[in-house]
Every structure is written in structure tokens, then in C-alpha cells.
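# Summary of structural features
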Amino acid sequence: MGMLDNWQGPAKYYAEHFQVYIIDARNHGHSPHSPEFTYELMADDLLNFVEEHDLDYFHLMGHSMGGKTVMKFAQNHPDYVDKLIVADIAPRAYPVHHQQILAGLNALDFEVIKSRGEAEKALASYVPELGVRQFLLKNMYWKEKGKLALRFNLDAITENIELIGEGIFDRIYEGPTLFIRGEKSKYVSEEDWKDIQLSFPQAELNTVKDAGHWLHAEKQAEFIQETTEFLLRD
């Protein structure tokens, strides 16, 4: 439930070294909404973007759901990818664990809610973490005069949440790969690292201290430093 706006800070820094594209996945940010929502389709969306922009060889980075998307793309289209960065997600299948967040978002009544403060108050009983609420509500916008809405396609996400947890084990990707995780996050364990090495034999694993799942926002400077050093390394 993130969007490309969350990457503006890192993207500005990367742009000192590279040509940079930040992309909203389908059903997120400003990208089109669709009831069809799978990693295969998101990898195809990325391939369409690559072809439309005549990109031949590039580094690829994704976080969480985006991380699984770039894993799938690299496994199926390795000739396009120079280096791969996967932020705080492993290729394994994850059980559904966002039920409370989805319940809270689905409970928001924008016929009644007319401000960000009212939305945050309504969401607080479902999502106690202030940072997570603020992250989610960055997606709120004025759909029309006097009517708020969420940019992501909540219906499609809710309907397909089990598919978003599926594993990515299409083939082995042989290129240089950085898996970077937050120290306080539970998304990438030592056991996951063993499986990662089977599918990504050139992978390395870095940990950002005192960061949780949204490590690129929580510890942006450290995240940028670690990822840039990997990208610029010969």
C-alpha cells in the first residue's frame, strides 16, 4: 500500500549517479486500477514499462510487494537486469497478516470522514502504530470537492491479499543481488537467508540497524548508503 512518493528522497540521491525511474504498481498510487492483481501481471507491467521506455540493461530495486515483483522479473527476464536490490522481503510464501489493517481501511467511511485527522482517529482503533497510520493515509486525496478517497485499489488488494503472499521461485537468478532488511523487522530471517542463496546464488545480505519493515523511510540515509555502495561497486 505504498506509492512512488515514498521513494522521492532516495530517488533524488540515486539520480546523482544514474537515470532513475520510480514506478507505481498497478492498483497503487497513480497507476490504473484492475481487479486482476498477481505478481505475474505486475512483472508483465514492468516489462511493458521497460519496452515502452527502450530500457536495455538496468539496476532494479523493490521493497516488500515491490521486492517480490522485481524478484519475479529478474528470474524471468535476467538479460535486462544488471544488479537487483530486494528490500525487506524474502522469496518465500507469507501467511496473510494484514487483516487488521485491511479491516481498518475498509471501515473508513468517506461519506462521514472529511479530514485527515478524522481518518487517523477512525483508523487508530485498528492500527495503533502512528507511523503505520501516517504511511497508509499518505494515500488519501480529494477525489472530488468535499469527497476524500484512497489512491490504492482497496477492493482488489483485499480480494487478492493471499496471492500477494505467495512465494517467488520461478528460476534461479545468477546476477549480483542485495537483500537488505531492517534489524527490527521479521520479514527476512536467518532461515530465509538459506533459501535466498538457493535462488539467488550471488546474493548478499545487509541489515540496517534500528529499522523496521519500512527501512527506506525509517533510516533513509543508511539505506541509501548501503544500496548506493552496492550499485557503484565494480
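See the structure printed just above.
Fair warning: this is a prediction, and the values are worked out from it, not measured in the lab.

## Section: the packing of helix α5 (residues 116-124) against helix α6 (residues 130-137)
- The geometry of α5 relative to α6 is characterised by a closest axis approach of 10 Å and an angle of 130° between their N-to-C directions. The orientation of α5 relative to α6 falls into the category oblique. As for the relative orientation of α5 and α6, their crossing is right-handed in sense. Touching Arg-116, Ala-119, Glu-120, Leu-123 and Ala-124 of α5 are Leu-130, Arg-133, Gln-134, Leu-136 and Leu-137, all from α6.

## What to know about the nonpolar core
- Core analysis: the largest hydrophobic core is formed by 52 residues, its most contacted members being Leu-84, Leu-105 and Leu-136.
- It is helix α2 (residues 39-52) that provides the largest number of residues to this core, a total of six residues.
- In this view, Leu-105 contacts Met-1, Leu-123, Leu-136, Leu-150, Phe-152 and Leu-154; residues no more than four positions away in its chain are not counted.
- Counting residues in each nonpolar core, the second largest holds 13 residues, with Trp-7, Leu-178, Val-208 and Ile-224 among its members.

## A look at the pairing of strand β3 (residues 140-144)
- Sheet analysis places β3 next to strand β4 (residues 147-150), joined by four bridges and oriented antiparallel. Across the sheet, Glu-144 pairs through a bridge with Lys-147, a residue of β4.
- The antiparallel hairpin formed by β3 and β4 contains two residues in its connecting segment, where Gly-146 sits at a positive phi of about 80°.

## What about the packing of aromatic side chains?
- Counted under the stated rule, the structure contains nine aromatic pairs.
- Relative to Phe-200, the ring of Phe-179 lies with its centre 5.4 Å away and its plane at 65°, an arrangement referred to as edge-to-face. Residue Phe-179 is located in strand β5 (residues 177-182), and its partner Phe-200 is located in the loop between α9 (190-199) and β6 (203-208); the two are separated by 21 residues in the primary sequence.
- Clustering of aromatic rings is evident, with ring pairs tying together Phe-58, Phe-73 and Tyr-80.
- Of note, Arg-151 hangs over the ring of Tyr-141, and the distance from its end group to the ring centre comes to 4.0 Å.

About the cut-offs
- Residues numbered from 1 in each chain as written.
- Predicted model: local features only at pLDDT ≥ 70, side-chain atom pairs only at ≥ 80, totals over all residues.
- Heavy atoms only, no water.
- Axes fitted to C-alpha atoms, helices over the stretch in contact; angles between N-to-C directions.
- Helix = DSSP H or I, 4+ residues; strand = E, 2+ residues; numbered from the N terminus.
- Parallel < 35°, antiparallel > 145°, perpendicular 65-115°, else oblique.
- Left-handed = near helix turned anticlockwise from the far one by under 90°.
- Contact = heavy atoms within 4.5 Å.
- Core = buried A, V, L, I, M, F, W, Y, C linked by side-chain atoms within 4.5 Å.
- Buried < 20%, exposed > 50% of the residue type's maximum accessible area, 1.4 Å probe, protein only.
- Pairing = 2+ DSSP bridges.
- Phe/Tyr/Trp six-rings, centres within 6.5 Å; stacked < 30°, edge-to-face > 60°.
- Lys NZ or Arg CZ within 6 Å of the ring centre and 35° of its normal.

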